[in-house]
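Okay, here's what each chain looks like letter by letter:
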Amino acid sequence: MIKEEDIYKIGKLGKPHGVQGEVSFHFTDDVFDRVDAEYLILKLDGIFVPFFMEEYRFHGSETALIKFEDIDSQDRAKELTGSEVYFPRHLSDSDEENISWAEIVGFALIDAATGNTIGTIQGVDDSTINTLFDIETENHQNILIPASDDLLQQVDADKREIIMNLPEGILDLD
């Protein structure tokens, strides 16, 4: 059984492309192309299911057209539309110096000064020049924390946590 802590989300499937079972794949991390991965994991009805890739080709900088084994028609491909796509952490080429934004979703954020857990990283907003971590705190509030290299003290992929030197008063902002 595939556990959620053993994988991380790298995108979502879009509409079928053509009639041979190919489907569009909108990705946030191209790790599937950087490493020798034979399969991707789809979340279907709340269950993580491996799907083996026959082939894929890029269709822009954030989209690929992908053909999975045993998906040979537009109707079968349509059944996969909207499925979230995940990648096994153990196959990733990342290390603690080079880890993708997609991989850190779900990591705990720890305040280096106090050792307290601030919350869990729910997402990363890199749409502006200042990248932000979207954190859900332990009391279920959402806060944004700058994802600056100057603030990052340590990334521990095994423990799934990031230790940061948080600016004084940042947790008091509303």
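For every chain, the first residue of the written sequence is number 1, and numbering continues from 1 along that sequence. Given that the model is predicted, a residue must reach a pLDDT of at least 70 before its local features are reported, and side-chain atom pairs must reach 80 or more before they are shown or counted; all residues, however, enter totals for whole chains, interfaces and linings. Side-chain descriptors were evaluated using all non-hydrogen atoms of the structure, hydrogens and water having been removed beforehand.

**Student:** Describe the UniProt feature "domain: RimM N-terminal" (unreviewed entry) in the protein, listing the residues and the values that go with them.
**Tutor:** UniProt positions are given in the numbering used here, feature names are shortened, and annotations may be inferred rather than shown by experiment. Under the UniProt annotation, the feature "domain: RimM N-terminal" (unreviewed entry) is placed at residues 10–90. Here a strand is any run of E in DSSP of at least two residues, a helix any run of H or I of at least four, and the numbering for each starts at the N terminus. The straight-line gap between the two end C-alpha atoms of residues 10–90 is 14 Å; of that span, 11% is helix and 53% is strand.

**Student:** Account for the packing of aromatic side chains, naming residues and giving values.
**Tutor:** Each pair of aromatic rings taken from Phe, Tyr and Trp, with Trp reduced to its six-membered ring, is defined by centres within 6.5 Å and is described as stacked if the planes are under 30 degrees apart, edge-to-face if over 60, and tilted in the remaining cases. If you walk through the whole model with that rule in mind, you get 12 aromatic pairs. Ring centres 5.3 Å apart and planes at 75 degrees place the aromatic pair F27 and F32 in the edge-to-face group. Note on F32: relative accessible area 1%, which makes it buried. Measuring from centroid to centroid gives 5.7 Å for F27 and F58, while their planes differ by 75 degrees, and the two rings are edge-to-face. Of this pair, F27 sits in strand β2 (residues 22–27) while F58 sits in strand β4 (residues 47–58); the two residues are 31 residues apart in sequence, bridging distant segments of the chain. Throughout this description, buried means an accessible area under 20% of the type-specific maximum (1.4 Å probe, protein chains only), exposed means over 50%, and partly exposed covers the range between. Its relative accessible area of 9% is what places F27 among the buried residues.

**Student:** With reference to specific residues and values, describe the sheet that holds strand β12 (residues 161–164).
**Tutor:** Note: strands within a sheet are paired through backbone hydrogen bonds, in either parallel or antiparallel orientation. Ordered by their spatial adjacency, 6 strands build an open sheet running β10-β9-β8-β7-β12-β11, and the pairing between neighbours is mixed. Whereas interior strands pair on both sides, the edge strands pair on one side only; in this sheet they are β10 (142–146) and β11 (152–156). Between one strand and the next, the sheet's axes are offset by a mean angle of 35 degrees, whatever the strand orientation. Two strands pair if DSSP finds at least two bridges between them. Judged from the 6 bridges that link them, strand β8 (residues 117–125) and strand β9 (residues 132–137) form a sheet pairing that is antiparallel. Residue pairing in the sheet places V124 in a bridge with F133 of β9. In this analysis an axis means a line fitted to C-alpha atoms, helices contributing only their contacting stretch, and an angle means the value between N-to-C directions, from 0 to 180 degrees.

**Student:** So what's going on with the layout of surface pockets? Residues and values would help.
**Tutor:** Here the largest pocket defines a volume of roughly 580 Å³. Around the largest pocket, the lining is made up of 23 residues, and of these K9, T28, W101, A102 and V105 lie nearest the centre. Listed by contribution, the elements that provide at least two residues to the lining of the largest pocket are β1 (7–17), β2, α3 (101–104) and β8. Residue contributions to the lining of the largest pocket peak at 5 residues, all from β1. Boundaries between domains were set according to an automatic or database domain assignment. Built from parts of two domains, the lining of the largest pocket gets at least three residues from each of domain 1 (7–88) and domain 2 (107–164). A 1.4 Å probe that fits but cannot get out identifies a cavity on a 1 Å grid over protein atoms alone, an open set with protein on both sides within 12 Å along at least five of seven lines counts as a pocket, and a residue lines either if it has an atom within 4 Å of a point. Grid points are joined across faces, edges and corners, and a volume is the space filled by probe spheres set on the points.

**Student:** Got a sec to walk through the pairing of β12? Specific residues and values, please.
**Tutor:** Burial of the side chains of β12 extends over both faces: E161 and I163 are buried on one face and I162 and M164 on the other. Across 4 bridges, strand β7 (residues 108–111) lies against β12 in parallel orientation. Counterpart to I110 in the pairing with β12 is I163. Note that β11 and β12 share 4 bridges and pair antiparallel. Bridge pairing in β12 links D156 to E161. Connecting β11 to the antiparallel partner β12 that follows it, the hairpin turn spans 4 residues, and R160 within it adopts a positive phi of roughly 60 degrees.

**Student:** If you had to explain the pattern of salt bridges to someone new, which residues and values would you point to?
**Tutor:** By salt bridge we mean one thing: a side-chain nitrogen of Lys or Arg within 4 Å of a carboxyl oxygen of Asp or Glu. Scanning the model with the defined rule gives 8 salt bridges in all. R34 is the partner of D29 in a salt bridge, and the nearest nitrogen-oxygen pair spans 3.2 Å. For D29, a relative accessible area of 3% corresponds to the buried category. Overall, R34 belongs to the partly exposed group, its relative accessible area being 39%. Close ionic contact of K67 with D72 constitutes a salt bridge, the shortest N to O distance being 2.8 Å. The exposure class assigned to K67 is buried, which follows from its relative accessible area of 8%. Here the salt bridges do not stand alone but share partners, grouping D29, D30, R34 and D93 into one network.

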